[in-house]
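Overview (structure and organization)
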Amino acid sequence: MGMGRPIIGITGELEAARWGNWIREAVISPVSYTRAVERAGGAPVVLPPVPASSVPDLIAGLAGLVLAGGKDVDPSLYDEIPHEQTDLPDHRRDRFELVMARAAIDADLPFLAIGRGMHILNVARGGTLTQHLPDRIGDESHKPDPVKMAVHDVQISAASKLGRALGAAAQVPAAHHQAISMIGSGLLTVGWTADQVVEAVELQGHRFGLGVQWHPEEGDDPRVLEALVAAAKSAAQARAQAQAQEVTPSRSKRSKRHAARS
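This one's a predicted model, so the numbers in the text were calculated from it and none came from an experiment. (Residues numbered from 1 in each chain as written. Predicted model: local features only at pLDDT ≥ 70, side-chain atom pairs only at ≥ 80, totals over all residues. Heavy atoms only, no water.)

Bringing the overall build of the protein into the picture now. The number of helices and strands found in the protein is seven helices and 13 strands. Within the protein, buried positions represent 45% of all 262 residues. (Helix = DSSP H or I, 4+ residues; strand = E, 2+ residues; numbered from the N terminus. Buried < 20%, exposed > 50% of the residue type's maximum accessible area, 1.4 Å probe, protein only.)

On to the environment of tryptophan 192, then. The residue tryptophan 192 is located in strand E11 (residues 187-192) in this model. For tryptophan 192, a relative accessible area of 26% corresponds to the partly exposed category. Separated by 35 residues in sequence, tryptophan 192 and serine 157 have C-alpha atoms that sit 8.9 Å apart. Excluding anything up to four places from it in sequence, tryptophan 192 contacts Val154, Gln155, Ile156, Ser157, Val197 and Glu199. (Contact = heavy atoms within 4.5 Å.)

Another aspect to go through is the nonpolar core. Residues Val66, Leu112, Leu162 and Trp214 are the most contacted members of the largest nonpolar core, which totals 31 residues. For this core, the elements supplying multiple residues, two or more each, are strand E1 (7-11), helix H1 (31-39), strand E6 (111-114), strand E8 (150-156), helix H6 (161-166), strand E9 (169-174), strand E13 (209-212) and helix H7 (223-261). Here this core gets seven residues from one element, more than from any other, and that element is H7. In contact with valine 66, other than residues within four places in its own chain, are Ile8, Gly9, Ile10, Thr11, Tyr33, Val37, Leu112, Ile114 and Leu228. Counting residues in each nonpolar core, the second largest holds 29 residues, with Leu47, Tyr78, Ala101 and Val201 among its members. (Core = buried A, V, L, I, M, F, W, Y, C linked by side-chain atoms within 4.5 Å.)

One can find arginine 93 in helix H3 (residues 91-106). Using a relative accessible area of 2% as the deciding quantity, one classes arginine 93 as buried. A polar contact is formed between the side chain of arginine 93 and the backbone oxygen of alanine 68, at a distance of 3.1 Å. A distance of 2.9 Å separates the side chain of arginine 93 from the side chain of glutamate 97, its partner in a polar contact. For arginine 93, the contacting residues outside a window of four places in its chain are Thr11, Gly12, Glu13, Ala68, Gly69, Gly70 and Arg116. (Polar contact = N/O pair within 3.5 Å; in protein donor to acceptor, adjacent residues only side chain to side chain.)

See the structure below:
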């Protein structure tokens, strides 16, 4: 049986937006995410922050998940006080995405965590963040340009899923002033810059659980998103087969009974 496009959820945020004469709270997501998922062969769906009780049903309806970029994660979630350069937190989005990340992990749902998403993933696994990289590195090489992404080199572990998709090195578009400090449990560093900033992590033992510090949706290299979509497609196929097998045994019992009767 051929599979159509797998449904890929993209986490959105609530923000005041203007259309017509209205200014009101809206669910927003940069269109670069939906376009990149669509180009990679997935069917994109933007997810509003919903209460934790709705998350299991949301996860069950998805074949894959993108934890999207955005503002800094609340430092109190990893027991630190905010740095003066750290964004004011969006508590609703932080809570929603932590629950989504944990639920995706529990369900073995393929996911790609981008930028802030990788930080959420790390915090969900008990890790911590460096709140302002220039303080740690002593230069401004990781200070993002407010207007455009800077392209830089990343070294990649060849044995990783990311390495299978991209090879041993890549040039990637990025904009971030924070990074992983202590890595979360079960996460493995699979990409880094020459100055040893963690650029990519994978969750061990997960079907496809990748976090990247850069923004593949902003570049013209579709391979990371194609790898997510391929994993989502095979996960959806496996789920469909398992459900079909649950249905078949009862049918074969019936036909055996029928044969015995006749």
